[in-house]
Amino acid sequence: MSRPETKASSYGGAEHDGPVHEGGLSGNGRRFAIVAARFNDFIVEKLIDGARAALRRAGVGQEDIELFRCPGAMEIPGLARKVADTSKFDGIICLGAVIRGATPHFDLVVREAASGVGALAAEGKIAVAFGVLACDNIEQAVERAGAKAGNRGADAAMVAVEMADLYAHIEAEKKAEAAVPVSVVPAPPTDLPRRK
Ligand code: INI
């Protein structure tokens, strides 16, 4: 099979001699799920809008973006796992907002959300992006939900697009490698003359 082209990383770093595997930023023809908590919805809504807009800009069809809602960030890992198990999607974007002032169990909620989503992502079966804000106060959350610090929902969506593309290429390469016929060693002739 043809080997992937040798190229420099898109970050413009050092030239690399061997093949470089890196996902592209087109989501055309791919399907994505947004898994989003309702807690702190005035922030999460902005993350969802950012994610949706980024996916559309990346060429993902409107009908190929599905939204799943859960009560809080704590429920995101379970719901994301359920969604992954449908095998309908190429990527999942997890969105939520945990704000320290609002909860005495801030660290617990953040840790559970991050480690649960991280465990799913680490399986490497589907592209999973973590766009759950963990902020000290509402101002910080607003800044990351479309104000001066960008939109973490959009950032997470682009991570999902890139990783979905990379996973698809790795799978395609694996299939192509498996399809290459193994060279056949000719069987020895069975009608060799008998030794006298
Ligand atoms: N969930 C959040 O998504 N953000 C928060 O800031 C938050 N606070 O403040 O408590 C929060 N708590 C709810 C939690 O995620 C679960 O829904 C709840 O514990 C029930 O399992």
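For the structure itself, look to the data block above.
Residues numbered from 1 in each chain as written. Predicted model: local features only at pLDDT ≥ 70, side-chain atom pairs only at ≥ 80, totals over all residues.

> Can you break down the packing of helix H2 (residues 76-85) against helix H3 (residues 106-122) residue by residue, with the values?
Interhelical geometry of H2 versus H3 gives an angle of 20° and a closest axis separation of 8 Å. Between H2 and H3, the crossing angle belongs to the class labelled roughly parallel. As for the relative orientation of H2 and H3, their crossing is right-handed in sense. On H3, the residues touching Ile76, Pro77, Ala80, Arg81 and Ala84 of H2 are Ala113, Gly116, Val117 and Leu120. For the contact of H2 with H3, a count of residues per class yields seven nonpolar, one polar and one charged. (Axes fitted to C-alpha atoms, helices over the stretch in contact; angles between N-to-C directions. Helix = DSSP H or I, 4+ residues; strand = E, 2+ residues; numbered from the N terminus. Parallel < 35°, antiparallel > 145°, perpendicular 65-115°, else oblique. Left-handed = near helix turned anticlockwise from the far one by under 90°. Contact = placed C-beta atoms within 7 Å. Nonpolar A, V, L, I, M, F, W, Y, C, P; charged D, E, K, R; others polar.)

> Could you give an account of the pairing of strand E3 (residues 91-99), with specific residues and numbers?
For E3, the buried fraction is high: nine of the nine residues fall into the buried class. Side chains Gly91, Ile93, Leu95, Ala97 and Ile99 of E3 all project onto a buried face; the interleaved residues Ile92, Cys94, Gly96 and Val98 project onto the opposite face, where all are buried too. The pairing of strand E1 (residues 32-37) with E3 spans five bridges and is parallel. Opposite Val35, over in E3, you have Cys94 as the bridge partner. Sheet topology note: the E3/strand E4 (residues 127-135) ladder contains nine bridges and is parallel. Among the inter-strand pairings, Ile93 is bridged to a residue of E4, identified as Ala129. (Buried ≥ 20, exposed ≤ 12 C-beta atoms within 10 Å, placed from the backbone. Pairing = 2+ DSSP bridges.)

> Which residues make up the sheet that holds E1, and what are the values?
With respect to topology, four strands assemble into an open sheet ordered E2-E1-E3-E4, the strand pairing being parallel. Across the chains shown, the open sheet's two edge strands, defined by having one partner strand only, are strand E2 (65-70) and E4. Direction aside, the axes of adjacent strands within the sheet are offset by 15° on average. The strands touched by helix H1 (residues 41-57) within the sheet are E1, E2, E3 and E4, with E3 carrying the most contacts at an inclination of about 155°.

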